[in-house]
Amino acid sequence: MKAVVYTTYGPPDVLQLKEVEKPAPKDNEVLIKIHAVSANAADLHLLRADPFLTRLMSGLLKPKHTILGSDIAGRVEAVGRNVKEFQPGDEVFGDISGCGWGGFAEYVSVPEHVLVLKPAHITFEQAAAVPMAAVTALQGIRVKGLIQAGQKVLINGASGGVGTFAVQIAKSFGAEVTAVCSTGKMDMVRAIGADHVIDYTQEDFTKNGQRYDLIIAANGYHSILEYKRALSPKGIYIMTGGTMAQIFQAMLLGPWISMTGSKKMHNVMAKPNQKDLTFIKELLEAGTIVPVIDRKFPLSKVPEAMRYLEEGHALGKVVITVAGN
Ligand SMILES: NC(=O)c1ccc[n+]([C@@H]2O[C@H](COP(=O)([O-])OP(=O)(O)OC[C@H]3O[C@@H](n4cnc5c(N)ncnc54)[C@H](OP(=O)(O)O)[C@@H]3O)[C@@H](O)[C@H]2O)c1
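Residues numbered from 1 in each chain as written. Predicted model: local features only at pLDDT ≥ 70, side-chain atom pairs only at ≥ 80, totals over all residues. Heavy atoms only, no water.

J.: Mind showing me how you'd approach the packing of aromatic side chains here?
T.: Where two aromatic rings form a pair, the distance of their centres and the angle of their planes describe that pair. Throughout the structure, instances matching the rule amount to five aromatic pairs. Relative to Tyr9, the ring of Tyr6 lies with its centre 6.3 Å away and its plane at 65°, an arrangement referred to as edge-to-face. On the basis of relative accessibility, which here comes to 11%, the residue Tyr9 falls in the buried class. For the pair Phe173 and Phe279, a centre-to-centre distance of 6.2 Å together with 15° between the ring planes defines the contact as stacked. Of the two residues, Phe173 sits in the loop between α5 (161-172) and β9 (176-181) while Phe279 sits in helix α9 (residues 274-285), which places them 106 residues apart along the sequence. (Phe/Tyr/Trp six-rings, centres within 6.5 Å; stacked < 30°, edge-to-face > 60°. Buried < 20%, exposed > 50% of the residue type's maximum accessible area, 1.4 Å probe, protein only. Helix = DSSP H or I, 4+ residues; strand = E, 2+ residues; numbered from the N terminus.)

Encoded structure:
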């Protein structure tokens, strides 16, 4: 089968389209013919081993998993003898980052517990856009953010992969959502349900006097103290992504601020799981959330897709179409 392989850390140029052995499913595994896979910032972190500490998990000198790609959608081709939930022909999607990655390929074999049946009405490309970004948004908003109907929620970085899901998921919980993005993306975030939109090139939401019950920092930089200022007295700040400075502030100062006052400041490291993805699947089936896809690339153009993602201004998700290439 064809796969995009990397054997050394580096820029997208180190990714090479190669012929590799097609996997065979173990007893508890499902062999999937991949139709589409989306690119995530996590792929970039592993590709470049950036931040350096990534190497503790991904391989000190060279990558342990040589095929990146976590968010897959495809058709079950074969199942191991202990697999109970799926059968050949099923259309599935899932985040395979917890079981070896390998989505930038024509086939992958993964344990059944990472998969969920794809909603029938969406395409493989749309399904591949969902798992990591949507589950991260859900875990930030529901598990750590403790969202409640009627709350004022602000999403910074609302026009990217995580942000477009965060806007829609927060709306599905009955929140009044303010989305922060750049000028050219305001119409799109309004179209996916944002009640208010702030253009960060024109206005700094941390200085306009508004207060929010929940802030999801999906992207873009503000210091943790600026975020704290924009929270209501019992507000919660959740950092899912942003700059390294922002990550360290959330990890180191966040617990201290949370312990010493009424405002809570947390970061979230999303954990893929079938239950949360099933919840997201139900929102997709109800039409409550719709994946936003920016560009699609063929498997042979994964390096271009990664370069584009790395520019940091995708409008929704970047998707690789695999089947047929
Ligand atoms: N914690 C976790 O488990 C987890 C999981 C997934 C992702 N992440 C992290 O979450 C972050 C976002 O991921 P993503 O997939 O959403 O990335 P992405 O799709 O690449 O984000 C791109 C978006 O960020 C927006 N953006 C860039 N600079 C901004 C700024 N200064 N203010 C507001 N928005 C800005 C861009 O909008 P404009 O073009 O309008 O600037 C663009 O729409 C990344 O750091 C990623 O590593 C964390």
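J.: Would you explain the site of the ligand in this entry?
T.: In the vicinity of the ligand there are 26 residues, among which Ser182, Lys185, Tyr200, Val268 and Ala314 approach most closely. One nitrogen or oxygen atom from the main chain of Thr240 is found 3.0 Å from a nitrogen atom belonging to the ligand. For the ligand, an oxygen atom lies 2.8 Å from a polar atom in the backbone of Ala270. For the ligand, whose free accessible area comes to 930 Å², the fraction covered by protein is 87%. Partitioned by chemical class, the residues of the shell around the ligand number nine nonpolar, 16 polar and one charged. When residues are assigned to domains, the shell around the ligand turns out to be shared by domain 1 (2-130 + 291-321) and domain 2 (133-267), each giving three or more. (Near = heavy atom within 4 Å. Polar contact = N/O pair within 3.5 Å; in protein donor to acceptor, adjacent residues only side chain to side chain. Areas by Shrake-Rupley, 256 points an atom, 1.4 Å probe, with all protein chains shown as cover. Nonpolar A, V, L, I, M, F, W, Y, C, P; charged D, E, K, R; others polar. Domains from an automatic or database assignment.)

J.: Looking at this structure, how should I read the packing of helix α4 (residues 131-144) against α5?
T.: Taken N-terminus to C-terminus, the directions of α4 and α5 make an angle of 50°; their axes are 8 Å apart at the nearest point. When the axes of α4 and α5 are compared, the pair comes out oblique. Seen from above, α4 lies across α5 with right-handed handedness. Where α4 approaches α5, its residues Ala133, Ala134, Thr136, Ala137, Leu138 and Ile141 are matched on the opposing element by Gly161, Val162, Phe165, Ala166, Ile169 and Ala170. By residue class, the composition of the contact of α4 with α5 is 10 nonpolar, two polar and no charged. (Axes fitted to C-alpha atoms, helices over the stretch in contact; angles between N-to-C directions. Parallel < 35°, antiparallel > 145°, perpendicular 65-115°, else oblique. Left-handed = near helix turned anticlockwise from the far one by under 90°. Contact = heavy atoms within 4.5 Å.)

J.: What is the right way to look at the side chain of Gln246 in this model?
T.: Within the secondary structure, Gln246 sits in helix α8 (residues 244-260). Beyond its immediate sequence surroundings of up to four residues, Gln246 is in contact with Ala217, Gly220, Tyr221, His222, Tyr227, Tyr237, Met239 and Gly241.

J.: Looking at this structure, I do not really get α8. What am I missing?
T.: For the α-helix, the turn length of 3.6 residues means that residues three or four positions removed from each other point alike. With 17 residues, α8 should cover 24 Å at 1.5 Å per step; its first-to-last C-alpha distance of 24 Å lies within 8% of that length. Of all bends in α8, the biggest is about 45°, found at Leu253, and the proline Pro255 comes one to four residues later. Taken together, the buried positions of α8 are occupied by Gln246, Gln249, Ala250, Gly254, Ile257 and Ser258. (Expected span 1.5 Å × (residues − 1). Bend = angle between axes of the 7 residues up to and from the residue.)

J.: Honestly, the domain arrangement of the chain in this entry has me stumped. Any pointers?
T.: Accessible area lost on assembly of the parts is the figure often given for the size of an interface. Taken domain by domain, the chain consists of domain 1 (2-130 + 291-321) and domain 2 (133-267). Distance between the C-alpha centres of domain 1 and domain 2: 28 Å. Counting from both sides, the interface comprises 12 residues of domain 1 and, opposite them, 14 residues of domain 2. When the buried area of domain 1 at its contact with domain 2 is split by residue, Val130, Val292 and Leu315 rank highest and sum to 43% of it. Our enumeration of links across domain 1 and domain 2 arrives at zero salt bridges. Linking domain 1 with domain 2 are five residue pairs in polar contact (both at pLDDT 80 or more), by the criterion used here. (Buried area = accessible area lost by both parts, 1.4 Å probe. Salt bridge = Lys/Arg side-chain N within 4 Å of Asp/Glu carboxyl O.)

J.: Help me understand the side chain of Ser258 in this model?
T.: Topologically, Ser258 is positioned in helix α8. Within the structure, the side chain of Ser258 is placed 2.9 Å from the backbone oxygen of Gly254, a separation counted as a polar contact. Among the polar contacts made by the side chain of Ser258, one reaches the main-chain amide nitrogen of Met265 at a distance of 2.9 Å.

J.: Quick question: what am I supposed to make of the sheet that holds strand β13 (residues 264-267) here?
T.: Note on sheets: strands pair through backbone hydrogen bonds, and any given pair is parallel or antiparallel. Here we have six strands laid out as an open sheet, ordered β10-β9-β8-β11-β12-β13, and parallel in their pairing. The strands lining the two open edges of the sheet, one partner per strand, are β10 (196-199) and β13. Here the strands of the sheet are splayed against their neighbours by 15° on average, with no regard to which way each runs. Sheet analysis places strand β8 (residues 152-156) next to β9, joined by five bridges and oriented parallel. Bridged to Leu154 within β9 is Thr178. Along the sheet, α8 contacts β11 (212-217), β12 (231-239) and β13; its crossing angle with β13, the most-contacted strand, is approximately 145°. (Pairing = 2+ DSSP bridges.)

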